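These are the residues of each chain, in order.
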Amino acid sequence: GAGVSQTPSNKVTEKGKYVELRCDPISGHTALYWYRQSLGQGPEFLIYFQGTGAADDSGLPNDRFFAVRPEGSVSTLKIQRTERGDSAVYLCASSLRSGDLYEQYFGPGTRLTVT
Amino acid sequence: GIQVEQSPPDLILQEGANSTLRCNFSDSVNNLQWFHQNPWGQLINLFYIPSGTKQNGRLSATTVATERYSLLYISSSQTTDSGVYFCARREANSGYALNFGKGTSLLVTP
């Protein structure tokens, strides 16, 4: 079946602009995660949804970052007043349920470049 | 938070060689996954292995939870095995988010 999809694959924006990154999880997966990966590092957790609600947003770096999942499927990560330090690959993952028994599956990522 | 350390950080192999990648973690594990990040950036699931041993073709993995480490074995390596290998385990105090190591960068040469 279809995997996790993310759009756009690449996004170039100017400092100070607003961006939205979209994630479409595997059909039927109730848990959805956002991560950010900088060059040479492993992915770092941003926020996790169980259904429509953000169960844990402790990884969001500041209040410029916000994410929604209004219908419990597609999620959008929103970044306001972008800064050059926000440049990274943003990865989305989903799992059938939340919990230790369930693997997370990752999308191809969105490469964000802030100029 | 829980530390995940991977070794070696970099590895160069000739095609056909075998290798062992290691992942150490600082606390008990309930959920551990191994991933391969290919040169295009896609994270591919290799193993979900909180304990025990699993094999899939030329790859196998072993996790010894009581000693807080996991090993990934690659046999008869191929150039398509090149990329970065990550282990990740659940961060106990962050819902079910995964905490990743820094990865092992593998290059397999013809």
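Residues numbered from 1 in each chain as written. Chains lettered and ligands numbered in written order. Predicted model: local features only at pLDDT ≥ 70, side-chain atom pairs only at ≥ 80, totals over all residues. Heavy atoms only, no water.

Colleague: I'd like to hear about the interface of chain B and chain A, residue by residue, with values.
Modeller: Between chain B and chain A, the residue contacts involve 20 residues of the former and 23 residues of the latter. Where chain B abuts chain A, roughly 1700 Å² becomes buried across the two surfaces, and 50% of that area is made up of carbon and sulfur atoms. On the surface where chain B and chain A come into contact, there are zero salt bridges. Along the contact surface separating chain B from chain A lie six residue pairs in polar contact (both at pLDDT 80 or more). Elements with a contribution of two residues or more to the side of chain B that touches chain A: β4 (32–37), β5 (43–48), β9 (83–90) and β10 (98–100) of chain B. Its residues placed into classes, the side of chain B that touches chain A shows eight nonpolar, 10 polar and two charged. (Contact = heavy atoms within 4.5 Å. Buried area = accessible area lost by both parts, 1.4 Å probe. Salt bridge = Lys/Arg side-chain N within 4 Å of Asp/Glu carboxyl O. Polar contact = N/O pair within 3.5 Å; in protein donor to acceptor, adjacent residues only side chain to side chain. Helix = DSSP H or I, 4+ residues; strand = E, 2+ residues; numbered from the N terminus. Nonpolar A, V, L, I, M, F, W, Y, C, P; charged D, E, K, R; others polar.)

Colleague: Could you give an account of the sheet that holds strand β7 (residues 65–68) of chain A, naming the residues involved and the relevant values?
Modeller: Working definition: the strands of a sheet are paired by backbone hydrogen bonds and lie parallel or antiparallel to each other. Residue and element names in this part refer to chain A. One open sheet holds the four strands; their spatial order is β1-β3-β8-β7, and the pairing between them is antiparallel. The outermost strands of the open sheet, each flanked by one partner alone, are β1 (5–7) and β7. With direction set aside, neighbouring strand axes in the sheet form an average angle of 15°. Both β1 and strand β3 (residues 19–24) contribute to a ladder of three bridges, which runs antiparallel. Across the sheet, the residue bridging to Thr-7 is Arg-22, located in β3. (Pairing = 2+ DSSP bridges. Axes fitted to C-alpha atoms, helices over the stretch in contact; angles between N-to-C directions.)

Colleague: An account of the state of the cysteines is requested, with residue identities and associated values reported.
Modeller: Residue and element names in this part refer to chain A. Enumeration over the complete set of coordinates arrives at two disulfides over all chains. Through a disulfide, Cys-23 is tied to Cys-92; the S-S separation comes to 1.8 Å. Its S-S torsion of about -65° marks the bond between Cys-23 and Cys-92 as left-handed, since a negative value means left-handed. In this pair, Cys-23 is assigned in strand β3 and Cys-92 in strand β9 (residues 88–95), connecting sequence segments 69 residues apart. The two residues Cys-23 and Cys-92 agree in class, both being buried. (Disulfide = S-S within 2.5 Å. Buried < 20%, exposed > 50% of the residue type's maximum accessible area, 1.4 Å probe, protein only.)

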